[in-house]
Amino acid sequence: MLAARLIDNIWATRKADSLKGLKFMLAEIIGGSDNGQRLIVIDNIGAGIGDRVIISTGSAARKILDNDNIPIDAAVVGIIDEDCNFG
Amino acid sequence: MLAARLIDNIWATRKADSLKGLKFMLAEIIGGSDNGQRLIVIDNIGAGIGDRVIISTGSAARKILDNDNIPIDAAVVGIIDEDCNFG
Amino acid sequence: MLAARLIDNIWATRKADSLKGLKFMLAEIIGGSDNGQRLIVIDNIGAGIGDRVIISTGSAARKILDNDNIPIDAAVVGIIDEDCNFG
Amino acid sequence: MLAARLIDNIWATRKADSLKGLKFMLAEIIGGSDNGQRLIVIDNIGAGIGDRVIISTGSAARKILDNDNIPIDAAVVGIIDEDCNFG
Amino acid sequence: MLAARLIDNIWATRKADSLKGLKFMLAEIIGGSDNGQRLIVIDNIGAGIGDRVIISTGSAARKILDNDNIPIDAAVVGIIDEDCNFG
């Protein structure tokens, strides 16, 4: 999984039907040599801009939804505790 | 998912039979440390050159088609709103 | 698989229900040109901070759990012997 | 998918039984910030050295064969038209 | 697939039960812009240190075993002929 910070919302009115209702956010990897790499993730656990989160990628991301047929490859799976200083 | 801009069409007359009829485009990642990385994607939601799009990769890309046996690993799944300024 | 060193714990009180009870750790790749790259992994074989470990990523990571529906994409699958000098 | 040029053949007499009869080639990514990255691909659509091709990676690559149990992760799925100038 | 050279053995006495009996080796990518990147692979076709090999990654790696539930993501699938000069 990746440690990242949510830095913005992504709005896409036109999208695949199966993605309707999902919340898209822009995440930026924090720490390590991939620091600053960005990806778009879906969030369904209530994370917000500024939160440091755990992101799962690939087929793992779809496991957070009840439907394996949604075309997503990255999702927030956890919110890192504010008092957790790591790395 | 990746935030990218569609920058060109890709034409391949000779290709796997299962890819016949699909539209291939060249996308370039925008923002973050992967800025400028390029990949070929399929589009079936009506995106065009110049559009900023959301791209799903890996097995997720095949979910946008009705058939899981098509050998693609990247697809446009959404078109980012023109007035969406992110990052 | 990746050779990495476990460098810290990651605490995330708010997370997907299916992740409750799993232990998250921060790993840093050792050696090669990816040296210093970081990722979050789960550990269920008793590894600790400072250990050099073997990490499996992608769908392989879920094979270490009894349930293929957990949204994880990286897991410790082995602890490298202390007297193993490689590379 | 990746845009790449086929630059050589790869010969491996000793290999997994399920790979017998497959043609292996060396491909080099063209364009973008991954320009020059190399990977080994299988080709079963008649591509040759010098051709610019579309390469699918991951589980998608296996979809070009009739058998999902072949251990390959990259395959030529299309040959880019000679008069297609992109990027 | 990746072209790599096997450069060492990796010993891990403590590991997931399903990995018992598998041979782990350290591989280093040769050629291209990923030259020098390292990963741990399993070998069950008799490769040795110094051999140049073809490595399959991701779910493809598991296809070389008879069991899809082993948590590995990289395996030697072929040994490049000694007289094969490529790239």
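Here is what the cut-offs are and how they apply
Residues numbered from 1 in each chain as written. Chains lettered and ligands numbered in written order. Predicted model: local features only at pLDDT ≥ 70, side-chain atom pairs only at ≥ 80, totals over all residues. Heavy atoms only, no water. Helix = DSSP H or I, 4+ residues; strand = E, 2+ residues; numbered from the N terminus. Buried < 20%, exposed > 50% of the residue type's maximum accessible area, 1.4 Å probe, protein only. Contact = heavy atoms within 4.5 Å. Pairing = 2+ DSSP bridges. Buried area = accessible area lost by both parts, 1.4 Å probe. Salt bridge = Lys/Arg side-chain N within 4 Å of Asp/Glu carboxyl O. Polar contact = N/O pair within 3.5 Å; in protein donor to acceptor, adjacent residues only side chain to side chain.

Caption draft 1: A look at the environment of C:Ala16. Mapped onto the elements of the fold, C:Ala16 is located in the loop between strand 2 (14-15) and strand 3 (24-29). Look at C:Ala16 and you get buried, because its relative accessible area is 7%. The sequence separation of C:Ala16 and C:Asn67 amounts to 51 residues, and the corresponding C-alpha distance is 15 Å. With residues near it in sequence (within four places) discarded, C:Ala16 still touches A:Ile64 and A:Val77.

Caption draft 2: Inspection of the pairing of strand 4 (residues 38-42) of chain C at higher detail. Residues and elements named next belong to chain C. Along strand 4, 4 of the 5 residues are buried, which leaves the element largely enclosed by surrounding structure. Where strand 3 meets strand 4, 5 bridges bridge the pair, whose relative direction is antiparallel. Of the residues in strand 4, the one forming a bridge with Leu26 is Ile40.

Caption draft 3: Spatial organisation of the interface of chain C and chain E. Each side of the interface is counted separately: chain C has 26 residues, and chain E has 31 residues. Carbon and sulfur atoms supply 55% of the area that chain C and chain E bury against each other, a total of about 2100 Å² over both sides. For the pair chain C and chain E, the interface holds 1 salt bridge. Residue C:Lys63 pairs with E:Asp68 through a salt bridge whose shortest N-O separation is 3.5 Å. Inspection of the region where chain C meets chain E yields 12 residue pairs in polar contact (both at pLDDT 80 or more). When residues of the side of chain C that touches chain E are traced back to their parent elements, those giving at least two are strand 1 (2-10), strand 5 (52-57), helix 1 (59-62) and strand 6 (74-79) of chain C.

Caption draft 4: Structural view of the pattern of salt bridges. Per the counting criterion, the structure on display carries 25 salt bridges over all chains. Measuring nitrogen to oxygen at the nearest pair gives 2.7 Å for the salt bridge that ties D:Asp43 to D:Lys23. Taken together, the positions of D:Asp43 in the loop between strand 4 (38-42) and strand 5 (52-57) and D:Lys23 in the loop between strand 2 (14-15) and strand 3 (24-29) put the pair 20 residues apart, joining distant regions of the chain. Here the salt bridges share partners, and the residues they tie into one network are A:Arg62, A:Asp68 and B:Lys63.

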